Amino acid sequence: MTGTRKGYFSRLAASAAEVMDSPVRRAKALRYLLIHIVVITAAGVCVYPLLRILSISLRPGDRLFSTDLSLIPDGATLAAYASLLKDTMFLRWLWNSLIITLATSFIGVSLASTAAYAFSRFRFPGKKAGLILLLSSQMIPAGMLILPLFLMIMKLKLMNTYLGMIIAYSVSSLPFSIWILKGYYDTIPRSLEEAALVDGTSQVGAFWRIILPLSTPALSIAFLFNFTTAWNEYLVARVVLFSSKQYTWTLGLFELQGQYITQWGMFAAGSMLVTIPVLAVFLYSSKWLISGLTLGSVKG
Amino acid sequence: MELLRSVYEVAGFILLIALGVAALEGYFYYHFKFHDRPWFFWAGLAVFPLLAWSGFVAGGIAKPGLFAWLLALEAAVLAFFRYAVKGRHSLAYLLLLPAFVGLALLLVYPFLFEVYLSFHDLKLTTIMMWKNTGKIPFVGLEQYVKVFTTSPLSEVTFWALLGRTLLWTFSNVFFHVLGGFALALLLNNAISLKGVYRTLLVIPWAMPQVVAVLAMRGEFHSQNGFVNIVLGRIAEAYPFLAGLGVGPVQWLSDYPLLTCTIINVWLGIPFMMVVILGGLQSISTSYYDAADIDGASYFQKLRYITLPLVKPVLMPAVTLGTVWTFNNINVIYLVTGQAGGTEQADILVSALYKAAFTYNRYSYSAAFAIVVFALLFFISVTYLHGFDAAKDER
Amino acid sequence: MATVKFSNIVKNFKDNQVLKRVDLEIKDHEFVVIVGPSGCGKTTLLRMLAGLEEISSGEIHIDGTLVNHLHPSRRQIAMVFQDYALYPHMTVEENMSFSLRIKNAPKKEIKERVAEAASILQLGKLLKRMPKQLSGGQRQRVAIGRAIVRQPKVFLFDEPLSNLDAKLREEMRVEIAKLYQRLGATIIYVTHDQVEAMTLAGRIVIMNQGVIQQVGTPIEVYRKPDNLFVAGFIGSPTMNFIEGKLRVEKGHVRFVSPSLSLDLPASLLPAEGAHEGREAVIGVRPDDVYAGREAGKNCSQQVDAVLEVSELLGHRENLYLKVGNLRVLATVEAFFDRSPGSSVPVCFNFENMHVFDKASQKRISA
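About the cut-offs
- Residues numbered from 1 in each chain as written.
- Chains lettered and ligands numbered in written order.
- Predicted model: local features only at pLDDT ≥ 70, side-chain atom pairs only at ≥ 80, totals over all residues.
- Contact = placed C-beta atoms within 7 Å.
- Helix = DSSP H or I, 4+ residues; strand = E, 2+ residues; numbered from the N terminus.
- Nonpolar A, V, L, I, M, F, W, Y, C, P; charged D, E, K, R; others polar.
- Pairing = 2+ DSSP bridges.
- Axes fitted to C-alpha atoms, helices over the stretch in contact; angles between N-to-C directions.
- Core = buried A, V, L, I, M, F, W, Y, C linked by C-beta atoms within 7 Å.
- Buried ≥ 20, exposed ≤ 12 C-beta atoms within 10 Å, placed from the backbone.
- Domains from an automatic or database assignment.

1. With respect to the interface of chain A and chain B
Item 1. On the side of chain B, 77 residues touch chain A, which itself brings 74 residues to the contact.
Item 2. Of all the elements, helix α2 (residues 23-57) of chain A adds the most residues to the side of chain A that touches chain B, at 13 residues.
Item 3. Of the residues contributing to the side of chain A that touches chain B, the split by class is 54 nonpolar, 19 polar and one charged.

Quick look at the structure:
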């Protein structure tokens, strides 16, 4: 039905002729053209910085500070990537980040899933207070809790360890996760649990067997949110970790960037290596993410 | 090998947490389930000391005073569950327990600790004393007074910071909503490649914030940044424009707040766009059809149909966005601050972070933080009240 | 005056031809119902008239004026949508006055027109309410009220009753009929429910797969369906169809099928015409199938059938009969005196019978 390439162009020409025919269609086509132009410009502005990082990462070492704006520089090379992977502990940093982030996400989502269920299905004294607590926790200025956490971790002698980081991170996304999950649970009809109760499970059993499996989209969103928040975090890590070996990738990348010499090439290469997978995951799950966000906010 | 060891470590830790949660749940389960049995009190008071004592032995602590305290506490807890709670809502509380214990330990306790700190004087000179003796001087409301009268960093005052923060917040949110709305309206048409465009437009939000901010910051670099290179080339090619003042600008040193704002707007538009687009797509086309027949122009449709129907989705997003922007420390800090940087771009939260970690004025910073929190809380409450009242009126 | 004329209308959606050449003229003050199954193109046709869909080719004239490129608001039409499309954030009054308000009409005029529409539809007490506080029937009336306020030349209704329950539908049908009498406007009404069509229409337009099957008054399409589709679509319960072949014998036509053979009277189908060997379909409505005692009177060609199931409908009864391998439905007086499984004599009313040519699907009988 779609036909050959030649067929495509002749059909394109035919529809263009059709469009030119009527003033209504002409106006509409013009409008769409303008929309395309504006949107493409905006998209360009959004993507350009990323492309620039790519081009910086590909520059040969001797021209790191050039004012050349071309996207693929002359003599493009992967040397920066190679030296990043060989000469620095980049892989180690990635590993650190991965462990911490996975553990944090897992803990965060587990805790949130049960709490959200309680908020969704039960009425109990303190429910309203609990929700207000969750909401107001969003208003706590960043950095306010870093100090006490820092002091706590110092006292527990967990500075510079994975466990210290996990402790610091695990609760940070909890309010938001609970909110999202609660919103999702609210949309699942209670008749499902009632049917399960009639079939013989307990309330908890109904939660485990029925609600949880049905909530995989929301759980994935919560997991994703926990993951990205922990993965991209910088300020807390800077305070808790102080030896190069234990750095997360955010700190590691900063090492490359600060001090006296900025190793732009490696910095750019590292940025690309971290950004690509994050973008990929994000874009893959973007449909869920968006519906999850609007779900929560509309109900709220 | 070391890698595997770290995995073990973390897995072990998670297991530990799971056990801790299970123990906690078990403890509360006992109190909920058996509160009406005759042996409730006695069993509780018998088992608990055993557990506590073994805990003490394991931890190497031997404080009889503490032990007596804990016993009294347990008795109180038993009474509470017997007479007050009576086993109601047990399941709900059991479900909430792990999350809220976590929040209590890692959110409420630190918060209260900050409050405690704010009434004392913990700074560089007193921290050693605290480490050794666990005591710091009590100073009452002195820190709070200092918040309003002295500078958190070296020059800028609280009021200047407040003003700047408000300016920062409003201008950012304004452009976020404007840009996001415009893009959402554009994307809401039946154009081809819509999915591709949406994907591309979302990139600033999807990228790790650290990378995105540092990348954009790099573009504002006075020599190697994209903006100045282009400006420079324009000034070369069109000298009359150069005469008007168009040319490379020292962004980071001369206009740090403006630079941060531009970067943050670039970062924040995609989120608004996505939320608004979702709202737009949920508006049924029948309304527009009916309005077409009624003769409404494009702007009339926008004003009478689109805006009111998008509001329920827009308002929470704007609220969240405002709070996040007000508290956005990342952008300011990353753009201006690592090496001590300038103070001209600081907003409230970045100043408080720097006061704590660059200047080591911990107590001062705690008081500062409490003030900022109170401010934000107060504003949100009045805003929500106003919003609710408006809703009820209708 | 408010006439509507569709000429040579074709509508393509990408590669799909949804309307394949429609020609239709609607006179002033007519109530025309366009009816057909889902996907037949009726709503598309209506929306093209309203200006909400583009016309691929062809012309639409309202009162002699070509409206193809006119904006919907300039065509002097008003439309009642299937989902009512009431602006949820405006009161009933604001909904009804919206079109006037955005044109900055004088407040006095707005008030008058809204009051008039409200009194016709008994909405007076509901003017300050919001749509979500209204029942389905009330919302529907508001949607109609909104259309009345515009004082259009043509009213367009797009399946307005399909979201209502059966009882409400009946009530609203009467309301709409009364409204038509009162306003005397030109109304074009689209529905998939043939009962609505039959009860409301001055003329019915039956469509299927983008083509008009027949145009006529309800009686005409009921008594004289032009083709198999119309015959099967109009009338409830559905007409019985029997497939077979025609033979010309001894000066008359004989219908032959494996289970049933009938001699057709000349008044139904004269022997002239090329009928020999033609594949045909006999159509006869359940009301025109006589069974039991009724079949005995004046019946020249009795046939034996077996009663499978009977359904009591009040004072009529549906009998599901089997003639050989053929299923036939007869509707008779209630309390039929035979039981299931028994043999029943059956007779057909040749006056109301139809013969269709199988290949062309068209009616060939008189």
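Following the structure, the description resumes.
2. Comments concerning the sheet that holds strand β6 (residues 77-80) of chain C
Residue and element names in this part refer to chain C.
Item 1. Spatially, six strands are ordered β6-β7-β8-β3-β9-β10 in an open sheet, and the strand pairing comes out mixed. Two strands in the sheet have a free side with no partner beyond their single neighbour: β6 and β10 (211-216). On average, each strand axis in the sheet is inclined to that of its neighbour by 15°, with strand direction left out of account.
Item 2. As defined by bridge partners, strand β3 (residues 31-35) adjoins strand β8 (residues 186-191) across five bridges and the pair is classed as parallel. Across the sheet, residue Ile34 finds its bridge partner in β8, namely Val190.
Item 3. Across the sheet, helix α4 (residues 136-149) is in contact with β6 and β7 (154-158); its angle to β6 comes to roughly 175°.

3. Comments concerning the nonpolar core
Item 1. Counting residues in hydrophobic clusters, the biggest one holds 155 residues, and the most contacted among them are Ala112, Ala115, Ile178 and Ala222 of chain A together with Leu352 of chain B.
Item 2. At 14 residues, helix α4 (residues 90-121) of chain A tops the list of elements feeding residues into this core.
Item 3. Ignoring sequence-local partners within four residues, the contact set of Ile178 of chain A consists of Ala112, Ala115, Ala116, Phe119 and Leu134 of chain A together with Ala99 of chain B.
Item 4. Membership of the second largest hydrophobic core comes to 114 residues, among which are Val4, Met48, Leu126 and Val346 of chain C.

4. A look at the sheet that holds strand β1 (residues 4-13) of chain C
All names here are of chain C.
Item 1. The four strands are arranged β2-β1-β4-β5 in an open sheet whose pairing can be described as antiparallel. What marks the edges here is a single partner per strand, and that holds for β2 (16-26) and β5 (65-66).
Item 2. Bridge analysis of β1 against strand β4 (residues 57-62) gives five bridges, and the strand direction is antiparallel. Its bridge partner lying in β4, Lys5 is registered against His61.

5. Some remarks on the domain arrangement of chain C
Residues and elements named next belong to chain C.
Item 1. When its domains are assigned, chain C resolves into domain 1 (4-233) and domain 2 (240-357).
Item 2. The gap between the C-alpha centroids of domain 1 and domain 2 is 40 Å.
Item 3. Of the residues assigned to the side of domain 1 that touches domain 2, the class counts are three nonpolar, one polar and no charged.

6. Some words on the environment of Phe119 of chain B
Item 1. For Phe119 of chain B, the location among the structural elements is in the loop between α4 (90-118) and α5 (127-133).
Item 2. Residues contacting Phe119 of chain B, with those up to four places away along its chain left out, are Phe138, Val139 and Gly140 of chain B.

7. Digging into the domain arrangement of chain B
Item 1. Here chain B is described as being made up of domain 1 (2-111) and domain 2 (150-225 + 252-360).
Item 2. Distance between the C-alpha centres of domain 1 of chain B and domain 2 of chain B: 44 Å.

8. Digging into the interface of chain B and chain C
Item 1. Listed per partner, the contact involves 14 residues of chain B and 16 residues of chain C.
Item 2. Breaking the side of chain B that touches chain C down by element, the ones donating at least two residues are α14 (285-294) and α15 (298-326) of chain B.
Item 3. Tallying contributions element by element places α14 of chain B first for the side of chain B that touches chain C, with seven residues.
Item 4. Split into classes, the residues belonging to the side of chain B that touches chain C amount to seven nonpolar, four polar and three charged.

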